Each structure stands twice: as structure tokens, then as C-alpha cells.
Amino acid sequence: MGLEVYLLRRSHKSSFMPGLYVFPGGALEPWDEEAELPEKAWDEPYQRVLERLGEGLTPQQARAHLVAAIRETFEEVGVLLAEQDGRKPQGNLAKGLDRQARAFRHLLFSQGTRLQASRFSCWAHWITPEGMPRRFDTRFYLALHPEEQICLPDQVETSRGLWITPQGAILKNHEGSIPLSPPTLVTLQELSVFRSIEELRREAWDRGWGPTRLPKATKTPWGPMLLMPWDPYYSSQEPPRNLEGRSPKYVEPLEPFSRLIQEKGVWRPLTP
């Protein structure tokens, strides 16, 4: 089976990345850190969960991040990454229910619920560039979607959801019909080299968080630009040379890149 990802379009009323397509997710809530979960609440031995998903985090932080990821997936798309009394949930659990935290807590603490940590793998650690009005310290997980459940956007924070291949999403961003957030575009570029879920699990599962990704924001005559940490000018005090006195040269879709420029609401890759 080919690899597909689920993307959500953020509401145009959102104060952060309005109208852009992103992966399901959101902010840590105090309750995520306070949730007292027994070790049997996980579908893997708890020590194994910490070893796979807790690199660079305290046990409390690792648990809180994972609980937040499961909660946000439930709240935003109605999918519960858990088993209940050994049964796999069906359909869309949030359809007709309150998607807020209290509904998730009820499901979480229902007798026999086990969170499916085995569906998760670390992927990347992103931090919003310095100088931005709002900044986030974010962990990006890979999570395998349970076939028995259906994703539906909440129509509050998000307005549309779709399944699409990484390659298809990148091409649609290039056309301007599916504008992607910068971390989403980078992640899809990385995922585009895998032909199937099986290949992804074999070659990149449990790879750890890797180096923190803190893009550097700069201004150009053509719009805001982001330099990724692997760009040759990332650590330089001088402006990128190929933007001096001439229009930017864009990277062909699906080709690797190290910088992005925003043009008419769409982030587009540039050559170094």
C-alpha cells in the first residue's frame, strides 16, 4: 500500500498559520502533564515507551507529549489511538460528541483503555524562529492511522481534512491549491522518498528526534524567508549570496531544499 498522510487546513480565523495545511496537533495542556496513568495504560511496556519516544525528555515530559498527541488527534479529527477492552474503536468517536478535553478524559480513564504507543515514532523537534510574534517548541511524531476509524476535521480550529500522498501534497503546494506550513512541507519532502508504510517502518521508524530544527527568519525584497539549519548560509552573518540583486530561483517540486520564501501566501523552496 502506498504511503499517505492526513492533513488539516487551519481556520482562516486562526491567529497562527491561518489557512495553511498542517498535521493534526496542538499545544500541551496542564492536564497532559498531570494525568496519572498506570503503566498498564500503555500497549507496550512503559520502559520501552520511554526508550523509544522519550529521548532528551524526562519521563514526565515524554508521557505528557504523548498524551497531548493522542488527545489532540481525538479533538481535531475524532480518532482515538487506543484500544478499549481489547477492542478497536470503529468509525469516528467524536462524531456527535463533545471533542473537548473532558470527553477525551472520559475515554482515557474508561476501564480497559490502553493507549497505543506502539503506533508512534519520533520524527523531528521544531522550534519557531526567533523574532516571531508567537513561538512554539514542538515534537513531530509519526502515528499509524487505525483503519477502522475515520478522520473528520472539527470545523472549529480546522476547516478541511484530506488524505494525500506526500508527493501529491508537495505538488499541490507548488500549484498553490494546498498551501503547506514550512515544517509540514519539510516533513513531506522527507517522507516522499518512502514508497510504502512498510518501507518507512523498516528504514526510519524509531529514529529518534535528531537535531533540533530552529529555522532562521530573514527578510528579502520578495517576502519573508526561512533558512533551515542545513542551509550553507544558516550560520553566516551575511545575506544569502544568490538573493543579491536578482529574483529568487525556485527548486523544482520534490527536490531537496534548505530555504523557503513566502510568495502570495505560499511557502516555496529556493536553491541555496
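In this report, we go over the structure that sits alongside the text. The residue count restarts for each chain, going from 1 along the sequence in the order it is written. In keeping with the predicted nature of the model, local features appear solely for residues at pLDDT of at least 70, side-chain atom pairs appear and are counted solely at 80 or more, and the whole-chain, interface and lining totals rest on all residues. Water and hydrogen atoms were dropped before computing side-chain values, which therefore reflect all heavy atoms in the structure.

## What to know about the sheet that holds strand S10 (residues 259-263)
Taking strand neighbours across the sheet as the criterion, the 4 strands line up as S8-S9-S10-S11 in an open arrangement whose pairing is antiparallel. The sheet is open, and its two edges are formed by strand S8 (216-220) and strand S11 (266-270), each paired on a single side. Averaged over all neighbouring strand pairs, the angle between strand axes comes to 30 degrees, with direction disregarded. Pairing between strands is defined by DSSP: at least two bridges between them are needed. Numbering of helices and strands runs from the N terminus, with a helix taken as a DSSP run of H or I at least four residues long and a strand as a DSSP run of E at least two residues long. Relative to strand S9 (residues 223-227), S8 is paired through 5 bridges, and the arrangement is antiparallel. Residue pairing across strands places alanine 217 opposite leucine 226, the latter belonging to S9. For helices, the axis comes from a line fit to the C-alpha atoms of the stretch in contact; other axes are also lines fit to C-alpha atoms, and the angle between any two N-to-C directions lies between 0 and 180 degrees.

## Quick notes on the side chain of threonine 158
Looking at the secondary structure, you find threonine 158 in strand S7 (residues 158-164). In this description, contact between two residues means that some pair of their heavy atoms is separated by no more than 4.5 Å. The contacts of threonine 158, once residues within four sequence positions are left out, are Leu8, Arg9, Arg10, Ser11, Glu76 and Pro153.

## What to know about the nonpolar core
The biggest cluster of nonpolar side chains holds 34 residues, and the ones touching the most others in it are Leu37, Trp42, Leu66, Ile70, Phe104 and Phe120. Among the elements of the structure, strand S1 (5-10), helix H2 (46-53), helix H3 (59-77), helix H4 (101-108) and strand S5 (120-127) are those that each provide at least two residues to this core. Throughout, nonpolar core names a set of buried Ala, Val, Leu, Ile, Met, Phe, Trp, Tyr and Cys residues whose side chains join them through atoms within 4.5 Å. Burial here depends on accessible area, computed with a 1.4 Å probe over protein chains only, as a share of the maximum for the residue type. Under 20% is buried, over 50% is exposed, and the range in between is partly exposed. Counting 32 residues, the second-largest nonpolar core is a separate cluster that includes Ala124, Ile164, Trp205 and Trp267.

## Digging into the packing of aromatic side chains
Centres within 6.5 Å make a pair out of two Phe, Tyr or Trp rings, where for Trp the six-membered ring is used; the pair is then stacked when the planes are under 30 degrees apart, edge-to-face when over 60, and tilted otherwise. Tallied over the entire structure, the rule returns 6 aromatic pairs. Put simply, the rings of Phe23, Trp126 and Phe140 pair up and form one aromatic cluster.

## Thoughts on the pairing of S10
Both S9 and S10 contribute to a ladder of 3 bridges, which runs antiparallel. Bridging across to S10, leucine 227 finds its partner in arginine 259. Sheet analysis places S10 next to S11, joined by 5 bridges and oriented antiparallel. Within the sheet, the bridge partner assigned to leucine 260 lies in S11 and is proline 269. Between S10 and S11, which pair antiparallel and follow one another directly, the connecting turn spans 2 residues, one of which, lysine 264, has a positive phi of 55 degrees.

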